Amino acid sequence: MEENKSGLISYEPVAPGEKRSWGSITFIWIGSAICVPALMVGGMIGVGLPIGKAILAMILGFLLVCAYMILIGIQGSDLGLPTTAILTRAFGERGSTIASGLVIAISCIGWFGLNTVVCGSSFCSIFNMATGAEFPLWLSNTIWGIAMLLTAVFGINALDILNKIAVPALLIMLVWGLIHALSGGGAAYVGSYVPSEPISFIAGLTLAVSGFAVGAVLASDYTRYAKCRKDTAWSCFLGIFPASILVLAIGGILAVTTNSYDLTLMFANMGLPVIGLLCLILATWTTNVGNAYSGGIATVGIFKISDKKRPLVTFIVGALGIILALVGIMDHFSSFLSLLAAFVPPMAGVVIADYWILGKGKAAEWKPFKGVNWLGLISWACGTAFAMIFTFFIPTINGIIVSMLVYFILCKVVKSPKANPFAKAAE
């Protein structure tokens, strides 16, 4: 992907010499799976279901995620293009920017708010342990939110060092916390745990899917470097499935033993609260800087803003996230994840129908569609609405199926080449 002098983004397929092994791409996915949001999702599922059903929901949820992730990822490796580019037939050249931009922007703003609360709460706990005094949560959220936001705007080059410290430290603390939680009678307690406020199995399944709903749709950003379809499938499955289930399960077990999915309480009850909470702050910081940065880039693309103004747009995106933190987004964590589960996967349904059903998976015959493909956007809207309104079976999968069917039907009914990228082939 390159930016020309006019400020427009142009895409070039990945050259054969730039392709990577499936193992290399697998490790990139593993790095994405080990993160603070995954622990939060695992904690939500863990406190709402008995441990056996919780792990089953995690497994089935990520099998579903991997299924549509692999199909989208293979399209990326076939074409050698990133996600925004492979959407340019299903949603149109302009429509793909709007579609992917909305997904990224909404997700990033929400996650920035949630991670700001985690970071702010962790600091309040450390302050209380050190001084015995209470530090205002709203002030902590504001201070840490601004600090992370300024890092995204001005200091993103320092993140590489921060990541190398924070991620291994968090992983060590998680392993230590798991051993601590299961020692003594912990394992028996987890095995016999009965939720005080249970959720349905379908709700747990939906939470598992929503935890990586956006990442799965954006799979082509990485899989475009895969050498073949087989490599793409293996890298997606082995990179996401084992690591994600492990992190979700750890989050679930820690939530059960601390009786809360609040990560601050989890770490505070692990025996080394200050060190654990400091690790959590560092890990949250690295994740949140990425949220603000990616959200800013997506918003610039949606509104065709000059890249020179990206720092200002990034600041606005982060500020919206801080506002969400201050108004209590953590209280609506489950609702936010459910929104992602309804909003994002139907987008995958349109893309799969476009490339695999109508396009028969033929890369040689694929080409972008000028402007906006309203058939794709309408289909996406229908799938999202269906997933949000009807809760039978699995709403996430319902949304994918509906968006696929609507797009297929519309492309068969609409005969104008100006509206339908397949119209000429059908005539």
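Structural notes, computed from the coordinates. Source: prediction; values computed, not measured. (Residues numbered from 1 in each chain as written. Predicted model: local features only at pLDDT ≥ 70, side-chain atom pairs only at ≥ 80, totals over all residues. Heavy atoms only, no water.)

If you tally the helices and strands in the chain, you get 20 helices and two strands. For 427 residues, the compact-globule estimate of 2.2 N^0.38 gives 22 Å, and the C-alpha radius of gyration of the chain, at 22 Å, lies within 12% of that figure. Each principal axis of the C-alpha distribution contributes one length, and for the chain these read about 75 × 50 × 40 Å. Relative to its full complement of 427 residues, the chain shows a buried share of 52%. Surface exposure of the chain reaches about 18300 Å², of which carbon and sulfur atoms provide 70%. One finds the centroid of the 23 positive side-chain charges in the chain at a distance of 10 Å from the centroid of its 17 negative side-chain charges. (Helix = DSSP H or I, 4+ residues; strand = E, 2+ residues; numbered from the N terminus. Rg over C-alpha atoms; globule rule 2.2 N^0.38 Å. Buried < 20%, exposed > 50% of the residue type's maximum accessible area, 1.4 Å probe, protein only. Areas by Shrake-Rupley, 256 points an atom, 1.4 Å probe, with all protein chains shown as cover. Lys, Arg positive; Asp, Glu negative; His and termini not counted. Charge placed at Lys NZ, Arg CZ, Asp CG, Glu CD.)

The tally for this structure, following the rule as stated, stands at 16 aromatic pairs. When the ring of Trp111 is compared with that of Phe333, the centres are 6.0 Å apart and the planes differ by 70°; the resulting orientation is edge-to-face. Of this pair, Trp111 sits in helix α5 (residues 93–131) while Phe333 sits in helix α16 (residues 333–343), and the two are 222 residues apart along the sequence. You can call Trp111 buried: its relative accessible area is 8%. (Phe/Tyr/Trp six-rings, centres within 6.5 Å; stacked < 30°, edge-to-face > 60°.)

Our focus in this paragraph is the packing of helix α17 (residues 345–358) against helix α18 (residues 374–389). Two elements in contact, α17 and α18, have axes whose closest approach is 8 Å; the angle formed by their N-to-C orientations is 140°. The pairing of α17 with α18 is recorded here as oblique in orientation. Relative to α18, the crossing made by α17 is right-handed. Of α18, the residues touching α17 (which contributes Pro346, Met347 and Val350) are Gly376, Ser379, Trp380, Gly383 and Thr384. (Axes fitted to C-alpha atoms, helices over the stretch in contact; angles between N-to-C directions. Parallel < 35°, antiparallel > 145°, perpendicular 65-115°, else oblique. Left-handed = near helix turned anticlockwise from the far one by under 90°. Contact = heavy atoms within 4.5 Å.)

For the rest of this paragraph, the subject is a nonpolar patch on the surface. A surface patch of nonpolar side chains, amounting to about 720 Å² of accessible area, comprises Trp138, Leu312, Ile316, Leu320, Ile323, Leu326 and Val327. Counting residues per element, the nonpolar patch draws most heavily on helix α15 (residues 310–326), at five residues. Mapping Leu312 onto the fold places it in helix α15. Judged by relative accessible area, Leu312 falls into the exposed class, the value being 53%. (Patch = residues over 30% accessible without salt bridge, like charges linked within 9 Å, V, L, I, M, F, W, Y side chains within 5 Å. Salt bridge = Lys/Arg side-chain N within 4 Å of Asp/Glu carboxyl O.)

Tyr68 and Phe91 are the most contacted members of the largest nonpolar core, which totals 118 residues. The dominant element in this core, judged by the number of residues it contributes, is helix α3 (residues 51–79), at 13 residues. (Core = buried A, V, L, I, M, F, W, Y, C linked by side-chain atoms within 4.5 Å.)

All right, on to α17 then. Within an α-helix, residues lying three or four positions from one another point in the same direction, as the helix has 3.6 residues per turn. The end-to-end C-alpha distance of α17 is 19 Å, a good match for the 20 Å that 14 residues give at a rise of 1.5 Å each. Where α17 bends most, at Ile352, the angle is about 30°. The element α17 is largely enclosed, with a buried count of 12 among its 14 residues. Among the residues of α17, those classed as buried are Pro345, Pro346, Met347, Ala348, Gly349, Val350, Val351, Ile352, Ala353, Asp354, Tyr355 and Leu358. At the exit of α17 stands Lys360, carrying a positive phi of roughly 55°. (Expected span 1.5 Å × (residues − 1). Bend = angle between axes of the 7 residues up to and from the residue.)

A few words now on the environment of Cys382. Note that Cys382 resides in helix α18. The spacing of Cys382 and Ala169 is 213 residues in sequence and 44 Å in space, taken between C-alpha atoms. Ignoring sequence-local partners within four residues, the contact set of Cys382 consists of Val402 and Val406.

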